[in-house]
Amino acid sequence: MSDPHHPERGRRFGGGIRRWIAATAGALALTAGLVAAGPPASAAGLTQVTGFGTNPGNLAMYSYVPDALPSGAPLVVALHGCTQSASDYYTHSGWPQLADRLGFAVVFPQTSSANNANSCFNWFEPGDSRRGSGEALSIRQMVDKAVTQYGSDTRRVYITGLSAGGGMTANLLAAYPDVFAGGSIAAGLPAHCAGSVTAAYTCMYSPPDRTPAQWGDLVRTAAPAGTTSWPRVAVWQGTADTTVRPANATELRDQWTNVWGIGQTPSRIVGLTGGTTLSVYDDASGRPAVEVYSVSGMAHGLPVDPGSGAGQCGSTGTYYLDTICSSHHTARFWGLDGGQDPGGLPAPTGLDVTGTTDTSVTLRWNAVAGAESYQVFRGGTRVADTASTAYTDSGLATGTAYRYTVTAVDSAGRAGVASPAVTATTTGFTPTCHTASTYDHTVAGRAYASAGRTYAKGSDQYMGLWNTFTVRTLKQTAPDHYVIAGC
């Protein structure tokens, strides 16, 4: 038997133990004993693709492409869970049915026990989940291969995943927001919640209660510097999931709404079939940016709804649970059915405030190639359509802050992704009046006391004794400037 205390042998022994723990515990961390679901990908219609790059993550690439798929169709990347395979996800998830119905290609990446003892994607390993390295780079290379081989539209590439695949999906959305237009995370974790096996357990069972800004910073740090356009993200979670606790869905919501610069209060809540509640979080232009689907009573797994009816897809199996077809609703959210299509145009860049008056704000932005016109939104409300890359919004209140975004519109009339918001404040000041005792005016900061007497702040007008019996009306005519007036 080797002596673990021998310096050289000890290093080998320790390294082996660490690798074993990382592989085994990491796998268990996202499966809690998932049962293997069939052999490697071999189902009819699912084809292995080789030669897709340097493949530093040691993954296999499989794809499903409907017959006669035209060039320029969307592309979906679908990541399986632990102990599963590309074939298993192909068989049960419903994505091939939707690909036939709606017209897009699907790539099914596959990991193996060579990477992780239970064939989990290594979502908790920094070397596998950040931009330009490991499994993350292998999946990025698969996208490039699919775009070349199938003529997929680079502006409509999406990614989805279950469990460990969901955790990896979140990380890939953070690492490659320039590649993926949208994502869907089923029973998964917030992006970069964990960077070790120990942290993975914490995230699964009791995720850190970070602020939305702290979660958002993890995405912004992982993304390329200067990123301004973000993927639209769907989150799926069962309320009875004891493997990945429902709190993770809340933290995912906080993370991606913060990235989008929107609040955590739903724009609307909708009841769906299968005991599902949908909470929608709109962007500044009024379009869904984040959607959270909570499936009442569902345990750990991917929601499916076998059948051929509208909205149905998938088949039941281990960790494929008969409730609602998540893939159908995700495809609709992304616009693959034409209902929520954000158009092909990117967000306008360089939105800037070039001037303000008492009642107007002037904006400008950079032109977007292929744009026929632009839509201007003030506070989420569309206020103008213009063919120009500049616009003056008039009739505004003085001394008031306004928030603006702009979208580009293509020749088919489809609005693209909204630009990052800018805030502009009109000049001037809207006078306000305040009636109170001299004492209360002083406490409120509208006046000050000196030697028992009260004076209006800014104008220094004498108001009387500093007490609760002398009442005066002050008019604020400018910031920190008040005068005695009879409003």
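Since we're looking at a predicted model, the values are computed, not measured.

S.K.: What exactly am I supposed to notice about the pattern of salt bridges here?
M.R.: Any two side chains of opposite charge can pair if their charged atoms end up close together. Counted by the stated rule, this structure contains 10 salt bridges. Arg156 is paired through a salt bridge with Asp153; the nearest N and O atoms lie 3.2 Å apart. Exposure class is identical for Arg156 and Asp153. Each is buried. With its nearest N and O atoms 2.9 Å apart, the salt bridge here joins Asp217 to Arg220. Of this pair, Asp217 and Arg220 both sit in helix H8 (residues 212–222), three residues apart, roughly one helical turn. Since its relative accessible area comes to 39%, Asp217 is described here as partly exposed.

S.K.: So what exactly am I meant to see when it comes to the environment of Val65 here?
M.R.: Here Val65 shows up in the loop between strand E2 (60–64) and strand E3 (75–79). For Val65 and Gly103, which are 38 residues apart along the polypeptide, the C-alpha to C-alpha distance reads 8.8 Å. In this view, Val65 contacts Ala105 and Tyr150; residues no more than four positions away in its chain are not counted.

S.K.: How should the pairing of strand E15 (residues 373–378) be read in this particular structure?
M.R.: Look at any regular strand and the pattern is simple: side chains alternate between the two faces of the sheet. The buried fraction of E15 amounts to five of the six residues, a majority that puts the element mostly inside the structure. Taken together, the six bridges between E15 and strand E18 (residues 401–409) define a ladder with antiparallel strand orientation. Across the sheet, residue Val376 finds its bridge partner in E18, namely Val406.

S.K.: Explain the confidence of the model for the protein chain to me, please; I cannot follow it from the model alone.
M.R.: Keep in mind that low pLDDT regions are not for reading the predicted coordinates in detail. On average, residues of the protein chain carry a pLDDT of 87, and 89% of them reach 70 or more. Note that residues 1–44 has pLDDT below 50 and, in this model, 72 contacts with residues that lie over four places away or in other chains.

S.K.: For this particular structure, what's the right way to read the packing of aromatic side chains?
M.R.: Each aromatic ring pair is specified by the distance between its two centres and by the angle formed by the two planes. Summed over the entire model, instances satisfying the criterion amount to 13 aromatic pairs. Residues Tyr64 and Tyr90 carry aromatic rings whose centres are separated by 5.6 Å and whose planes lie at 55 degrees to one another, so their mutual orientation is tilted. Within this pair, whereas Tyr64 is found in strand E2, its partner Tyr90 is found in helix H2 (residues 86–92), the two being separated by 26 residues in sequence. Exposure remark for Tyr64: the relative accessible area of 12% places this residue in the buried category. Overall, Tyr90 belongs to the buried group, its relative accessible area being 13%. Each ring, one from Trp95 and one from Trp334, has its centre 5.7 Å from the other, and the planes form 15 degrees; the classification is stacked.

S.K.: Any chance you could explain the sheet that holds strand E20 (residues 432–437) here in plain terms?
M.R.: Picture the strands of a sheet paired through backbone hydrogen bonds; they go either parallel or antiparallel. Ordered in space as E20-E24-E25, the three strands form an open sheet in which the pairing is antiparallel. The strands lining the two open edges of the sheet, one partner per strand, are E20 and strand E25 (481–484). Averaged over all adjacent pairs, the angle separating strand axes in this sheet is 35 degrees, with direction ignored. Summarising the sheet, E20 and strand E24 (residues 471–478) pair through six bridges and their orientation is antiparallel. In the sheet register, Thr432 faces E24, and the bridge partner there is Gln476.

Conventions used here
Residues numbered from 1 in each chain as written. Predicted model: local features only at pLDDT ≥ 70, side-chain atom pairs only at ≥ 80, totals over all residues. Heavy atoms only, no water. Salt bridge = Lys/Arg side-chain N within 4 Å of Asp/Glu carboxyl O. Buried < 20%, exposed > 50% of the residue type's maximum accessible area, 1.4 Å probe, protein only. Helix = DSSP H or I, 4+ residues; strand = E, 2+ residues; numbered from the N terminus. Contact = heavy atoms within 4.5 Å. Pairing = 2+ DSSP bridges. pLDDT = per-residue confidence, 0-100. Phe/Tyr/Trp six-rings, centres within 6.5 Å; stacked < 30°, edge-to-face > 60°. Axes fitted to C-alpha atoms, helices over the stretch in contact; angles between N-to-C directions.

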